[in-house]
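This is what each chain is made of:
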Amino acid sequence: MGHVVEQAGHAVGQAVDDIGTYIRTQREGAQVSLRQLARAAGVSNPYLSQIERGLRKPSAEILQQIAKGLRISAEALYVKAGILDEKPASAVADAVLADPGLTERQKQVLLDIYQSFRREHDSSPPEE
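Residues numbered from 1 in each chain as written. Predicted model: local features only at pLDDT ≥ 70, side-chain atom pairs only at ≥ 80, totals over all residues. Heavy atoms only, no water.

### What to know about helix 4 (residues 60-70)
Listed as buried for helix 4 are Ile 62, Leu 63, Ile 66, Ala 67 and Leu 70. Buried residues in helix 4, looked at end-on, bunch into an arc of 140°, giving them a common side. Facing away from the buried side of helix 4 by over 90 degrees, the exposed positions are Glu 61 and Lys 68. Of the residues trailing helix 4, Arg 71 is marked for its positive phi of about 60°. (Buried < 20%, exposed > 50% of the residue type's maximum accessible area, 1.4 Å probe, protein only. Helix = DSSP H or I, 4+ residues; strand = E, 2+ residues; numbered from the N terminus. Arc of directions from axis to C-beta.)

### Let's talk about the packing of helix 2 (residues 34-41) against helix 3 (residues 45-52)
Look at helix 2 against helix 3: their axes get within 9 Å of each other, and the N-to-C directions meet at 105°. Looking at the two axes, helix 2 sits roughly perpendicular to helix 3. Only Asn 45, Leu 48, Ser 49 and Glu 52 of helix 3 make contact with helix 2, whose side of the interface consists of Leu 34, Arg 35, Leu 37 and Ala 38. Here the contact of helix 2 with helix 3 is built from residues that sort into four nonpolar, two polar and two charged. (Axes fitted to C-alpha atoms, helices over the stretch in contact; angles between N-to-C directions. Parallel < 35°, antiparallel > 145°, perpendicular 65-115°, else oblique. Contact = heavy atoms within 4.5 Å. Nonpolar A, V, L, I, M, F, W, Y, C, P; charged D, E, K, R; others polar.)

### Some thoughts on the packing of helix 6 (residues 91-98) against helix 7 (residues 104-123)
Packing of helix 6 against helix 7 leaves a shortest axis separation of 9 Å and a crossing angle of 165°. Between helix 6 and helix 7, the crossing angle belongs to the class labelled roughly antiparallel. Where helix 6 crosses over helix 7, the two elements pack in a sense that is right-handed. Across from Val 92, Ala 93, Val 96 and Leu 97 in helix 6, the residues of helix 7 making contact are Lys 107, Leu 110, Leu 111 and Tyr 114. Of the residues belonging to the contact of helix 6 with helix 7, the class tally is seven nonpolar, no polar and one charged. (Left-handed = near helix turned anticlockwise from the far one by under 90°.)

### Structural notes on the environment of Ala 38
Relative to the helices and strands, Ala 38 resides in helix 2. What makes Ala 38 buried here is its relative accessible area of 1%.

### Points about a nonpolar patch on the surface
A cluster of nonpolar side chains, namely Val 109, Ile 113 and Phe 117, defines an oily patch on the protein surface of about 270 Å² accessible area. Relative accessible area serves as the criterion here: at 54%, Phe 117 is assigned to the exposed category. (Patch = residues over 30% accessible without salt bridge, like charges linked within 9 Å, V, L, I, M, F, W, Y side chains within 5 Å. Areas by Shrake-Rupley, 256 points an atom, 1.4 Å probe, with all protein chains shown as cover. Salt bridge = Lys/Arg side-chain N within 4 Å of Asp/Glu carboxyl O.)

### A word on helix 2
Here helix 2 has its buried residues at Leu 37, Ala 38 and Ala 41. When helix 2 is viewed along its axis, its buried side chains cluster within an angular range of 100° and face the same direction. The exposed residues of helix 2 that point more than 90 degrees off its buried face are Arg 35, Arg 39 and Ala 40.

### A closer look at the nonpolar core
Counting residues in each nonpolar core, the largest one holds 21 residues, and the members touching the most others are Ile 23, Leu 37, Leu 48, Leu 63, Ile 66 and Leu 77. Secondary structure elements with two or more residues in this core: helix 1 (2-29), helix 2, helix 3, helix 4 and helix 5 (74-81). (Core = buried A, V, L, I, M, F, W, Y, C linked by side-chain atoms within 4.5 Å.)

### Some points on the pattern of salt bridges
Overall, the coordinates contain two salt bridges when judged by the stated rule. Note that Glu 52 and Arg 24 form a salt bridge whose closest N and O atoms lie 3.5 Å from each other. Residue Glu 52 is found in helix 3, and its partner Arg 24 is found in helix 1; the two are separated by 28 residues along the sequence. Glu 52 sits in the buried class, given a relative accessible area of 4%.

Take a look at the structure:
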């Protein structure tokens, strides 16, 4: 039993490290300073730095504020943080994610647009 708890603790620790690294990568890709993102997200510079270094696990609310500051999908951060399960991939999503010519931010924007079109199509009544 102790081994299972230890593995779960390691998985949570890994998620914290991954989310911090992901946020830093997104921030650097967007050419936003730590200070600028902290201000936009409404958190202190030291707190954001601790998140990026994997020392703190941000709440869903803080992740949403960070996503807004980075202009990326909060859902992407929730998946990275282990709050949400990743949706099954589609051929379109696979192609976008595999494209080495796109930045992570560009990939996320394309996927967000694609998903909004899919939702719109799924909710519209069938044409006769």
